[in-house]
Amino acid sequence: MEATTEVDVVVIGLGPGGEHAATKLAEAGLQVVGIDRRLVGGECPYYGCVPSKMMIRAADALGEARRVSDLAGSAEVAPDWSPVATRIREEATDDWDDTVAVERLEKAGVRFVRGHGTLVGPGRVEVDGTTYSASRGVILNTGTEPSVPPVPGLAETPYWTNRDAVRAESVPGSMVVIGGGAIGLELAQAFSRFGAAVSVVEVADRILAPEEPEASAVVADVLAREGLQVLTGVEIGSVSHADGTFTVDLGDQVLTADKLLVAAGRRNNLADIGLDAVGLDPSMKAIETDERMRAGDRLWAVGDITGHGAFTHVSMYQAQVAVRDLLEEDGPWADYRAVSRVTFTDPEVGSVGMTEHQAREAGLEVQTGQAEIPSSSRGWIHRSGNEGIIKVVADADRGVLVGATAVGPAGGEILGLLAAAVHAEVPVATLLTMHFAYPTFHRAIENALQDLA
Ligand SMILES: Cc1cc2nc3c(=O)[nH]c(=O)nc-3n(C[C@H](O)[C@H](O)[C@H](O)COP(=O)(O)OP(=O)(O)OC[C@H]3O[C@@H](n4cnc5c(N)ncnc54)[C@H](O)[C@@H]3O)c2cc1C
């Protein structure tokens, strides 16, 4: 007979949000079971944010060294991937071993189960023949898998996804990247700076399609000048692989490369977790949640699967909300007006809230203002590598910013001020009375605000 174990909470999937929620709830004294079929911590520490940012940190050092000739004499740059591979293997991922994360979880009081969790009814989860009955409820944090477009021939080739790219022990001579979004571009630029000949193919008519068009243009221009081939508006006819070479047929041209990286979006892990057992449609693209992250009877969902931004900080934020609700606290509940996001290319693209297009679609009385980083004092001083813009989007009726973009050196850091302004609805009039330190990059925000019209 199948065993049933009574607990307070079950967490299916221990990505950043699930891990946080399980830990906090156990520390609060609840009986918590945390289930993961892969690695505790999810995509971010093992295959996403952390290893990719280690690659980028190293690639940026190379990029900066190549600017010496314009500013400070000469520097010989001889890229070596091995420190990057070693750092990712040893420091970031423990060779893709989550022992430390599991121990941390268990020390907090969570009962960890490695396996595939499936909902079998409200508050009931089955894993490997054991059913857990959760009196308070179940938190879903099942995250994503790389999505692979249905291009003829692609599935039969040994293509890479981010999970292979971060495990690379050497830099390929050449690489085609399918996908000109944040993940594709970050990895494309990093491998290129280490010497790979990189082509990026994007089906949309511009890279970084969800961002402001001005941001896409700045990044496209920089990548082209660094020697990457960036093709937009393409249709990929077919992909094949023979004798160690990938061939990507785009109709009017054919690309060949040693490696093919597929970075064409993510697919939410929802199809095989028993959603039908709790009255939800397993073919849904994202799980609908209320402001407390509730998705149904004794059911909460956090992270990428909720469709509110596939970012670690969103997953953690939502986990905090769900924990408050499960512990019967009184909010604050989820609010997505000021979600910030950063593409860690060089220049970085940091953005928050609505783009101009989204604000107009929402029917707001939109004003925009823009400033060019190269013509700001700091940008002019900075010289090589100074490409960037600040763009602000205001709701003229309320006199507040509803969105902003900072492209440039440290664009993701400059974003902090803009994110605070959007989040706290600081009046533009108040922002314009601020002191903006001279000569910082963020001082260009003042110019963008003065340009609002
Ligand atoms: C290359 C790359 C770079 C990125 N860089 C950044 C960045 O710089 N900043 C940022 O904010 N975000 C970044 N992201 C996104 C970030 O990784 C995710 O948003 C983040 O991991 C949050 O995901 P999550 O909490 O939804 O779950 P995930 O991290 O996707 O984890 C879900 C977990 O659930 C488990 N699971 C799934 N189904 C089951 C099941 N049925 N039973 C048991 N376990 C299950 C999986 O094994 C996995 O461990 C990046 C992503 C990639 C791929």
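See the structure shown above.
Residues numbered from 1 in each chain as written. Predicted model: local features only at pLDDT ≥ 70, side-chain atom pairs only at ≥ 80, totals over all residues.

(A) Representation of the overall build of the chain in the model. When its secondary structure is counted, the chain shows 15 helices and 22 strands. In terms of C-alpha radius of gyration, the chain reaches 23 Å, essentially the compact-globule figure of 22 Å for 453 residues. Summarising its shape, the C-alpha atoms of the chain cover approximately 75 × 65 × 40 Å along the three principal directions. Here the chain, with 453 residues, has 48% of them falling under the buried criterion. Within the chain, contacts between residues at least 6 apart in sequence are counted, and of these 67% link residues at least 24 apart. (Helix = DSSP H or I, 4+ residues; strand = E, 2+ residues; numbered from the N terminus. Rg over C-alpha atoms; globule rule 2.2 N^0.38 Å. Buried ≥ 20, exposed ≤ 12 C-beta atoms within 10 Å, placed from the backbone. Contact = placed C-beta atoms within 7 Å.)

(B) Local environment of the nonpolar core. Of all hydrophobic cores here, the largest spans 133 residues; its most connected members are Val10, Val11, Val177, Leu260 and Ala322. Ignoring sequence-local partners within four residues, the contact set of Val10 consists of Val33, Ile35, Val125, Tyr132, Ala134 and Val138. (Core = buried A, V, L, I, M, F, W, Y, C linked by C-beta atoms within 7 Å.)

(C) Highlighting the sheet that holds strand β8 (residues 174-178). Strands sit in the order β10-β9-β8-β14 across an open sheet of four strands; the sheet is parallel. The open sheet is flanked by β10 (229-231) and β14 (259-262), the only strands paired with a single partner. For this sheet the average axis-to-axis angle between neighbouring strands, irrespective of direction, equals 15°. Here β8 runs beside β14; their pairing, made up of four bridges, is parallel. What sits directly across from Val177, in β14, is Leu261. Strand contacts of helix α8 (residues 182-193): β8, β9 (197-201) and β14, with the helix running at about 165° to β9, the strand carrying the most contacts. (Pairing = 2+ DSSP bridges. Axes fitted to C-alpha atoms, helices over the stretch in contact; angles between N-to-C directions.)

(D) Representation of the site of the ligand in the model. Around the ligand, the structure places 38 residues, and the nearest of them are Gly13, Gly15, Gly42, Gly143 and Gly303. Where the shell around the ligand is concerned, the elements lending two or more residues are α1 (16-27), β2 (32-36), α2 (43-46), α3 (49-65) and α10 (312-326). Counted by class, the shell around the ligand contains 14 nonpolar, 18 polar and six charged residues. (Near = placed C-beta within 6 Å. Nonpolar A, V, L, I, M, F, W, Y, C, P; charged D, E, K, R; others polar.)

(E) Expanded view of the environment of Val248. Position of Val248 relative to the elements: it lies in strand β12 (residues 245-249). Classification of Val248 by C-beta neighbours within 10 Å gives buried; the count is 25. Sequence spacing of Val248 and Gly411 is 163 residues, and the spatial spacing of their C-alpha atoms is 33 Å. With sequence-adjacent residues up to four places away left out, Val248 is seen in contact with Val176, Val201, Ile236, Val239, Val254, Leu255 and Leu260.

(F) Just the pairing of strand β4 (residues 118-121), in detail. One ladder, built from three bridges, connects β4 with strand β5 (residues 124-127); its direction is antiparallel. Across the sheet, the residue bridging to Thr118 is Glu126, located in β5. If you look at the hairpin formed by β4 and β5, you'll find two residues sitting between the two strands, and Gly123 has a positive phi there, around 75°.

(G) Representation of the sheet that holds strand β19 (residues 348-353) within the structure. With antiparallel pairing, five strands are arranged side by side in an open sheet as β18-β19-β22-β21-β20. Taken across any chain shown, the strands that pair with only one partner, and hence form the sheet edges, are β18 (340-343) and β20 (366-372). Strand after strand, the sheet turns through a mean of 10° between neighbouring axes, direction not considered. With four bridges connecting them, β18 and β19 associate as antiparallel partners. Of the residues in β19, the one forming a bridge with Arg341 is Ser351.

(H) The packing of α1 against α10, seen in detail. Orientation of α1 relative to α10, taken along the N-to-C sense of each, is 30°, at an axis distance of 8 Å. Looking at the two axes, α1 sits roughly parallel to α10. Here α1 runs over α10; the crossing is right-handed. On α10, the residues that touch Pro16, Gly17, His20, Ala21, Lys24 and Leu25 of α1 are Thr312, Ser315, Met316, Gln318, Ala319, Ala322, Val323 and Leu326. Classifying every residue of the contact of α1 with α10 by side-chain character gives eight nonpolar, five polar and one charged. (Parallel < 35°, antiparallel > 145°, perpendicular 65-115°, else oblique. Left-handed = near helix turned anticlockwise from the far one by under 90°.)

(I) Expanded view of the packing of α3 against α8. Relative orientation of the contacting elements α3 and α8 amounts to 45°, with a least axis distance of 9 Å. On the basis of their axis angle, the class for α3 and α8 is oblique. In this structure, α3 meets α8 at a crossing whose hand is left-handed. Of the residues in α8, those touching α3 at Ser52, Met55, Ile56, Ala59, Leu62 and Gly63 are Glu186, Leu187, Gln189, Ala190 and Arg193. Its residues assigned to classes, the contact of α3 with α8 comprises six nonpolar, three polar and two charged.

(J) Structural context of α10. Along its 15 residues, α10 runs 21 Å from first to last C-alpha, staying within 8% of the 21 Å computed at 1.5 Å per residue. Turning to α10, its buried residues number three or more, namely Val314, Ser315, Tyr317, Gln318, Ala319, Val321, Ala322, Val323, Asp325 and Leu326. For α10, the secondary structure elements touched by its buried residues are β1 (3-12), α1, β6 (130-140), β16 (294-296) and β17 (299-301). Of the residues flanking the end of α10, it is Glu328, one or two places downstream, whose phi is positive at about 60°. (Expected span 1.5 Å × (residues − 1).)

(K) Representation of unusual backbone geometry in the model. In this structure, Pro347 follows Asp346 across a cis peptide bond, with omega equal to 10°. Here Pro347 lies in the loop between β18 and β19. Although it is not a glycine, Asp95 adopts a positive phi angle of roughly 55°. Mapped onto the elements, Asp95 comes out in the loop between α5 (82-92) and α6 (99-107). Residue Asp95 is classed as exposed on the basis of its 9 C-beta neighbours within 10 Å. Notably, Met293 is not glycine yet its phi reads approximately 70°, a positive angle. Mapped onto the secondary structure, Met293 falls in the loop between β15 (266-268) and β16.

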